[in-house]
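Overview (structure and organization)
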Amino acid sequence: MTHGLVDSFGRVHRDLRISLTDKCNLRCTYCMPADGVPLAPKPTLLTLEEMLTIARVAVEAGIAEIRLTGGEPLLRPDIVAIVEGLAALEGPEGHPEISMTTNGIGLARLAEPLREAGLARLNVSLDTLDPERFKTMTRRGRFDDVMAGLDAARATGFEPIKVNTVLLRGENDDEANDLLEWAIREGYELRFIEQMPLDGGHIWSRTEMITGAEILDALRAHHTLTEVPGRGAAPAELFEVDGGPARVGVVASVTMPFCGACDRLRLTSDGQLRSCLFSRTETNLRDILRSGASDDDITAKIHECLAGKLPGHGINEPGFLQPPRPMNAIGG
């Protein structure tokens, strides 16, 4: 067996994204229709034990970072036990770093136990500083809950706390600079993310999306941005703001793809391994696990998934088709 998780293009995979649930307590317009999307039946979802088994095999094969996503990961009632179990795993590089992307609702209650369980880093999604606009964009009036979650995370000692923002044309694109200056004041690291074709309502439009170049132009109208070298496999291109130390990141997955350095695999909440966020194929680890697969069997399936990984996501190619699963079911 090849040492490490290497695909046919020589990319070494060290990052596993695990979607804990396809449920979410928001209905963001760019992610879900107002009435939601069909959810996976509960018996198809990985149990805590099954998830830890797959993660253990992956870590022993070379995964060094695990990011928990959703849906909304804090909706899992066993979230603290999940973090504790994952943080205790050990591979060739020691214990994996455990991070999480969340909408922040629930962090006021969970930030401290999650940190004690071994959660190392947090990304919190927030697209606007206007409570009424937040309600319109998410179809839920939970702005104060998100802010309370951010406050709790900071008080608990998470550092840095990254804030993920998607700008939508005509909705919140006038807030780019306000969001950046707010993040700098509060000590957060802002990440602007291009809207991607992964919405449950299939309303994404290549011509309507705010591009990374537009975001940078909007920020440069107010600040001097200096590119930070040494990006590596990170999705975000980082810039120092006005000479630093504050930084801002732009994740331009559509217009400036970084597939050549991708080191990520994704495990869905129902046990399907994906080699790419935009993949239209999956490798079923749940069923082989439930059929009594050995660690070697699972490792072989992971390598099988990697062998089929394409050189790029193909969004900008004429024949691109949006994956059947929306973002809430894949995990970010």
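Residues numbered from 1 in each chain as written. Predicted model: local features only at pLDDT ≥ 70, side-chain atom pairs only at ≥ 80, totals over all residues. Heavy atoms only, no water.

Moving on to the packing of helix α1 (residues 48-61) against helix α2 (residues 79-87). At a minimum axis separation of 10 Å, α1 and α2 run at an interaxial angle of 25°. Here α1 lies roughly parallel to α2, going by the angle between them. Helix-helix and strand crossings are classified by hand; for α1 and α2 the assignment is right-handed. Residue-level contacts link Leu 48, Met 51, Leu 52 and Ala 55 of α1 to Ala 81, Ile 82, Gly 85 and Leu 86 of α2. The residue inventory of the contact of α1 with α2, partitioned by class, reads seven nonpolar, one polar and no charged. (Axes fitted to C-alpha atoms, helices over the stretch in contact; angles between N-to-C directions. Helix = DSSP H or I, 4+ residues; strand = E, 2+ residues; numbered from the N terminus. Parallel < 35°, antiparallel > 145°, perpendicular 65-115°, else oblique. Left-handed = near helix turned anticlockwise from the far one by under 90°. Contact = heavy atoms within 4.5 Å. Nonpolar A, V, L, I, M, F, W, Y, C, P; charged D, E, K, R; others polar.)

What follows is about the nonpolar core. Ile 66, Leu 68 and Leu 150 are the most contacted members of the largest nonpolar core, which totals 96 residues. Here Leu 150 is in contact with Val 124, Leu 126, Ile 161, Val 163, Trp 182 and Tyr 188, once residues within four sequence places are set aside. (Core = buried A, V, L, I, M, F, W, Y, C linked by side-chain atoms within 4.5 Å. Buried < 20%, exposed > 50% of the residue type's maximum accessible area, 1.4 Å probe, protein only.)

Once that is clear, we can look at the UniProt feature "binding site: [4Fe-4S] cluster 1" (unreviewed entry) in the protein. If you check UniProt for "binding site: [4Fe-4S] cluster 1" (unreviewed entry), the listed places come out as Cys 24, Cys 28 and Cys 31 in our numbering. Inspection of the secondary structure puts Cys 24 in the loop between β1 (15-19) and α1. When near neighbours in sequence (up to four residues on either side) are disregarded, Cys 24 contacts Met 32, Gly 71, Glu 72, Leu 75 and Asn 103. The exposure class assigned to Cys 31 is buried, which follows from its relative accessible area of 18%. (UniProt positions renumbered as here; feature names shortened; annotations may be inferred.)

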